[in-house]
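# Analysis of the macromolecular model
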Amino acid sequence: MKIIRGAPRPADRLPTALTIGNFDGVHRGHQALLAQVAAAAHARGLVPAVMTFEPHPRELFAPQSAPARIANLRDTVGALAACGIQRMFVQHFNHRFAALSAERFIEELVVRACQARWLAVGDDFRFGARRAGDIALLRAAGPAAGFEVAQLAAVEEDGQRISSSLVRAALAAGDLARVRHLLGRPYVISGRVLHGAKLGRTIGFPTLNLRMAHAWQRRRPAGHGIFAVRVRGLGQQPLPGVASLGLRPTVDDSGRWLLEVHLFDFTRSVYGQLIEVELVERLRDEEKYDSVELLRQAIDRDAARTRAILRGATGETPGDRS
């Protein structure tokens, strides 16, 4: 996957089959759309590509009501690549960008930057200043600009559109089974292990701390709380553990979101390594305790419950594998 931020260099301007959106979570609805993009690209000898925006437009215009993030950029890129997408155009969304007319959006981005020859959008797609552009304008501009337009229907299940909003609602409710169903895969957060305050080791629960994406440092992630998890990237098999995705109110008042993972029977130093944390089941909300000892007791209970959950899920005793 090649990521292109802003205007591409001449060498990167290859004809594409393109779709446009935020693709947060890359859920099954996105996957159906991306499969059609990849198929159209293959049939026409084009590069399958997406255009997306950073930050989310609502983070610019209505930050207090902007949607929580489902996935960081690394995980989004991985999910897009798994769908056959080879190129990702990331446009910096600011007031200047938002002021682009719909006609300039087509000329400067769709045609010049992305070199679109085939463009897929939904029937509710809007673009340009004051959301003036729509699919009718794209179809009118297409013949002269050299691209064709495909209108794709949303993917529905039980009469309900599969959307990022549904995934966020399931994460907020702690319904990881529902999240897995909507995504078509387990919900995973990746990141590099970094040095922390090392409080966990003083109370018998050393943790791996993951650096969160900048957007998640500023905004609440879609899922938060205490979770039973499996961690990939530290051995041939996933390792069981318990994790906190939150603000650590008992020991930290910085307001910074952090993912901390305690792996069972694990003592290796793995600072700097890239790992994937699969959230298997949500145990409870994060809480503020009156003392570190009460926090330790709560983690002890969480660990015991997690061992039972993961034992039931795998038929093995967590911590038995190396």
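Bear in mind the structure is a predicted one, so any value in this text is a computation, not a measurement. (Residues numbered from 1 in each chain as written. Predicted model: local features only at pLDDT ≥ 70, side-chain atom pairs only at ≥ 80, totals over all residues. Heavy atoms only, no water.)

## Quick notes on the side chain of Glu278
Along the chain, Glu278 turns up in strand E14 (residues 274-284). At 2.8 Å, the side chain of Glu278 forms a polar contact with the side chain of Arg232. Those residues within four positions of Glu278 in sequence are excluded, and the remaining contacts are Pro186, Tyr187, Val188, Ala228, Val229, Arg230 and Arg232. (Helix = DSSP H or I, 4+ residues; strand = E, 2+ residues; numbered from the N terminus. Polar contact = N/O pair within 3.5 Å; in protein donor to acceptor, adjacent residues only side chain to side chain. Contact = heavy atoms within 4.5 Å.)

## Considering helix H6 (residues 135-145)
Among the residues of H6, those classed as buried are Ile135, Leu138 and Gly142. Each buried residue of H6 sits inside an arc of 45° when the element is viewed along its axis, so together they form one side. Among the exposed residues of H6, those pointing more than 90 degrees away from its buried face are Ala140, Pro143 and Ala144. Next to the buried residues of H6 lie helix H5 (102-113), strand E5 (116-122) and strand E6 (148-152). (Buried < 20%, exposed > 50% of the residue type's maximum accessible area, 1.4 Å probe, protein only. Arc of directions from axis to C-beta.)

## A closer look at the pairing of E5
A large share of E5 lies buried, amounting to five of its seven residues. Bridging between strand E2 (residues 16-20) and E5 involves four bridges; their strand directions are parallel. What sits directly across from Ala17, in E5, is Trp118. Relative to E6, E5 runs parallel, the two being bridged by five bridges. Each residue of the ladder has a partner; that of Ala120, found in E6, is Ala150. (Pairing = 2+ DSSP bridges.)

## A short note on helix H8 (residues 176-183)
Buried residues of H8: Leu176, Val179, Leu182 and Leu183, and no others. Each buried residue of H8 lies within a common arc of 120° when the element is viewed along its axis, so the set occupies one face. On its buried face, H8 sits against helix H1 (28-44), helix H7 (164-172), strand E11 (225-232) and E14. Gly184 lies just past H8 and shows a positive phi near 75°.

## A closer look at the sheet that holds E11
Taking strand neighbours around the barrel as the criterion, the six strands line up as E9-E10-E13-E12-E11-E14 in a closed arrangement whose pairing is antiparallel. Neighbour-to-neighbour, the strand axes of this sheet turn through a mean angle of 45°, independent of strand direction. Taken together, the three bridges between strand E10 (residues 208-210) and strand E13 (residues 258-263) define a ladder with antiparallel strand orientation. Each residue of the ladder has a partner; that of Leu210, found in E13, is Leu259. In the packing of H8 onto the sheet, the strands contacted are E11 and E14, and the crossing angle to E14 comes to about 135°. (Axes fitted to C-alpha atoms, helices over the stretch in contact; angles between N-to-C directions.)

## A look at the sheet that holds E2
Backbone-to-backbone hydrogen bonds pair the strands of a sheet. The strands run either parallel or antiparallel. As summarised here, the arrangement of the six strands in space is E1-E4-E3-E2-E5-E6, forming an open sheet in which the pairing is parallel. Two strands lie at the open edges of the sheet, namely strand E1 (2-5) and E6, each paired on one side alone. Here the average twist between neighbouring strands, direction ignored, is 25°.

## Focus on the packing of aromatic side chains
What characterises a pair of aromatic rings is the spacing of the ring centres plus the angle enclosed by the ring planes. One pass over the structure, following the stated rule, counts seven aromatic pairs. With centroids separated by 6.4 Å and ring planes inclined at 75°, the aromatic side chains of Phe97 and Phe105 adopt a geometry described as edge-to-face. Here Phe105 falls in the buried class, since its relative accessible area comes to 4%. These aromatic residues form a ring-pair network of at least three members: Phe53, Phe61, Phe93, Phe97, Phe105, Phe125 and Phe127. (Phe/Tyr/Trp six-rings, centres within 6.5 Å; stacked < 30°, edge-to-face > 60°.)

## Remarks on the state of the cysteines
Within the structure shown, the criterion is met by zero disulfides. Take Cys83: it sits in no disulfide, and the sulfur closest to it among the cysteines is that of Cys114, at 18 Å. Taking relative accessible area as the criterion, Cys114 reaches 0% and is therefore assigned buried. (Disulfide = S-S within 2.5 Å.)

## Some details on the pattern of salt bridges
Going through the model one piece at a time under the given rule, you end up with 17 salt bridges. Between Arg69 and Glu54 there is a salt bridge whose closest N-O contact spans 3.0 Å. On the criterion of sequence distance, the pair formed by Arg69 in the loop between helix H2 (57-61) and helix H3 (73-82) and Glu54 in strand E3 (residues 47-54) is long-range, its members being 15 residues apart. Judged by relative accessible area, which is 12%, Arg69 ranks as buried. Note that Arg69 is salt-bridged to Glu59, the shortest N-O span being 2.8 Å. Residue Arg69 is found in the loop between H2 and H3, and its partner Glu59 is found in helix H2; the two are separated by ten residues along the sequence. There is no split in this pair, since Arg69 and Glu59 are both buried. Through salt bridges with shared partners, a single network forms among Lys2, Arg9 and Asp12. (Salt bridge = Lys/Arg side-chain N within 4 Å of Asp/Glu carboxyl O.)

Interpretation in functional terms is not warranted from these geometric data alone.
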